[in-house]
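Per-entry structural report
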Amino acid sequence: MDESIVSSEIVIGIDLGATNLKGAAVGRDARVIARHTQPLDRTEPGAVIADMVSLVGRLLDAASVERSSLVGVGVGSPGPLSFSTGRIINPTNLPGWKDVPLRDRLHETLQVPIVLDNDGNVAAFGEYWAGAGVDGKDLVMLTLGTGVGAGVVLDGRILHGHFDNAAELGHMIVAVDGLPCPCGQCGCLEQYASAGAVARRVEAAIRGGEPCALSQRVNEGKRIDAEDVAGCARSGDALCLRVWDEACLHLAVACISIQHAFNPARIVLGGGMASAGAFLIDRVLDHVNRQRWKLHDDLPAITVAELGYDAGMIGAAGLVWQQAD
Ligand SMILES: [Zn+2]
C-alpha cells in the first residue's frame with residue numbers, strides 16, 4: 001500500500017458536550033494530528049450543526065489535509081440517542097433538541113460516512129482503542145463526572161442493546177431503597193459515586209451540622225468538588241473520608257456486577273473522581289476484595305482512564321476507523 005496515501009487519510013472526531021464543541025483530526029494509528037475546542041455559544045440544532053461543519057473544515061486545514069482525504073466524521077453526543085437511526089432524542093444537556101437526525105444532517109453536508117454514538121460509549125471506545133484498554137478486547141468504562149456515564153466494549157464492539165440504550169450503568173441500582181435519583185429509581189450508582197454526588201453529599205452533611213474542614217467554604221456559599229473532598233479525606237477529615245469511602249464501596253459493588261454481567265478484561269474509571277488516582281482505585285479494590293466471589297478467578301483489572309477529556313473525540317474517530325477497516 002502507498003504509505004503517503006495511508007498517512008494522509010484522516011478522520012475527524014467530535015465531542016459535543018454541554019458547554020463545548022471539541023474536535024480532533026485523528027490518524028488511523030490513533031494519533032491526534034490537530035485539535036480545537038470552541039465554546040458552544042449557540043445551542044439551536046441548526047446552529048450547532050453549522051458549527052460542527054466549520055469545525056471539520058478548520059481541523060482539516062490545521063492538519064494540512066485535503067478535503068478528499070476525509071474518511072469520515074465520528075460524533076459523541078449526550079444521550080438519549082438512537083445509534084441505529086442516528087437521531088438525538090431529547091438530551092437534558094441540549095435544550096431545544098428533540099428527535100434531531102444529526103447523522104443524516106451532517107452526512108448531507110459533508111458527504112462522508114458519519115458515526116454517531118453517545119458520550120459514554122465513545123469515551124469507552126476511545127480508552128479501548130487508544131488508552132487504558134489497548135491490551136484487551138473487552139472493556140467497561142465508568143466516567144465519574146456530574147453523573148456516571150458508561151460504555152461497554154465487548155470483543156472490540158460497543159454494546160448497544162435491543163433498545164439502543166445498553167450500558168446505562170450509572171443507573172444500576174447498588175443500594176436497595178437507597179437515595180432517590182432524578183431518573184425515578186432509588187439507589188442508583190450515580191447517587192453515590194459520581195463526582196457530583198460526592199460533593200453534594202458532603203455539602204448536605206455540612207448544612208446538617210456535621211463538622212468538616214470544608215465547612216467554611218460551603219457556609220460561605222462556595223462550591224466544592226470531588227477533588228476537594230478527596231484532598232480533605234486524604235488529610236483525615238472524618239466526613240469527607242466517610243463519603244469518599246461510601247463512593248468507593250458502591251463502585252466496588254458495581255464493579256462486581258459488571259464482572260458477572262460482562263466479564264471484561266478491564267474496568268476503567270474516568271471523570272473527575274479518577275483524578276484521585278490510587279486514592280480511588282486502592283479503596284475500590286479493598287472493597288472489591290472483601291465482597292467478591294471465590295468461585296472463579298475472573299476479576300477484571302480496575303484502573304484509571306488514560307485519555308482524560310480527550311477520550312470522547314478520540315473514540316468517536318476510532319469508531320469511524322473501525323467501520324472503514
Ligand atoms: Zn438513576
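1. Some thoughts on the side chain of His-160
Within the secondary structure, His-160 is located in the loop between strand 10 (157-158) and helix 5 (190-193). Classification of His-160 as buried rests on a relative accessible area of 15%. Setting aside chain neighbours within four positions, we find His-160 in contact with Phe-83, Asp-117, Asn-121, Asn-165 and Ala-166.

2. A closer look at the packing of aromatic side chains
Each aromatic ring pair is summarised here by two numbers: the centre-to-centre distance and the angle between the ring planes. Counted according to the given criterion, the structure contains two aromatic pairs. The interplanar angle of 55 degrees and the centroid separation of 5.3 Å between the aromatic rings of Phe-125 and Tyr-128 together place this pair among those described as tilted. Residue Phe-125 and its partner Tyr-128 are located together in helix 4 (residues 119-130), separated by three residues, close to a single helical turn. Among the residues examined, Phe-125 registers a relative accessible area of 1% and is labelled buried. With a centroid separation of 5.6 Å and an interplanar angle of 20 degrees, the aromatic rings of Trp-244 and Phe-279 are classed as stacked. Linking Trp-244 in helix 9 (residues 238-262) with Phe-279 in helix 10 (residues 278-291), this pair joins segments that are 35 residues apart in sequence. Residue Trp-244 is classed as buried on the basis of its relative accessible area of 1%.

3. Notes on the domain arrangement of the protein
Domain annotation for the protein reports domain 1 (3-127 + 310-324) and domain 2 (134-306). Averaged C-alpha coordinates put domain 1 and domain 2 at centres separated by 28 Å. Across the contact, 14 residues belong to domain 1 and 17 residues belong to domain 2. Carbon and sulfur atoms supply 53% of the area buried between domain 1 and domain 2, which totals about 1,200 Å² over both sides. Our count for the contact surface shared by domain 1 and domain 2 stands at zero salt bridges. Elements represented by at least two residues in the side of domain 1 that touches domain 2 include exactly strand 5 (81-82), strand 7 (114-118), helix 4 and helix 11 (311-324). Looking at which element gives the most residues to the side of domain 1 that touches domain 2, the answer is helix 4, with six residues.

4. Observations concerning the coordination of the zinc ion
Within the protein, His-171 (ND1), Cys-181 (SG), Cys-183 (SG) and Cys-188 (SG) serve as the donor atoms for the zinc ion, at 2.0 to 2.4 Å. Around the zinc ion sit four donor atoms; with metal-centred angles ranging over 102 to 117 degrees, the donor geometry is tetrahedral. If you list the donors of the zinc ion from N- to C-terminus, the spacing comes out as H-x9-C-x1-C-x4-C. Of this pair, His-171 sits in the loop between strand 10 and helix 5 while Cys-183 sits in the loop between strand 10 and helix 5, placing them 12 residues apart in sequence.

5. Quick word on the pairing of strand 2 (residues 20-26)
With six of seven residues buried, strand 2 lies mostly within the body of the structure. Bridge analysis of strand 1 (residues 10-16) against strand 2 gives six bridges, and the strand direction is antiparallel. The partner of Leu-16 across the bridge, within strand 2, is Leu-21. Between strand 1 and the antiparallel strand that follows it, strand 2, lie three residues. Where strand 2 and strand 3 (residues 32-39) come together, seven bridges link them in antiparallel fashion. The partner of Val-26 across the bridge, within strand 3, is Val-32. Hairpin remark: strand 2 followed by strand 3, antiparallel, with five residues in the connecting loop; positive phi at Ala-30, about 75 degrees.

How each quantity is defined
- Residues numbered from 1 in each chain as written.
- Predicted model: local features only at pLDDT ≥ 70, side-chain atom pairs only at ≥ 80, totals over all residues.
- Heavy atoms only, no water.
- Helix = DSSP H or I, 4+ residues; strand = E, 2+ residues; numbered from the N terminus.
- Buried < 20%, exposed > 50% of the residue type's maximum accessible area, 1.4 Å probe, protein only.
- Contact = heavy atoms within 4.5 Å.
- Phe/Tyr/Trp six-rings, centres within 6.5 Å; stacked < 30°, edge-to-face > 60°.
- Domains from an automatic or database assignment.
- Buried area = accessible area lost by both parts, 1.4 Å probe.
- Salt bridge = Lys/Arg side-chain N within 4 Å of Asp/Glu carboxyl O.
- Donors = N, O, S within 2.8 Å, 3.2 Å for Na, K, Ca; no water.
- Tetrahedral: all angles 85-135°; square planar, octahedral: opposite > 155°, others 65-115°.
- Pairing = 2+ DSSP bridges.

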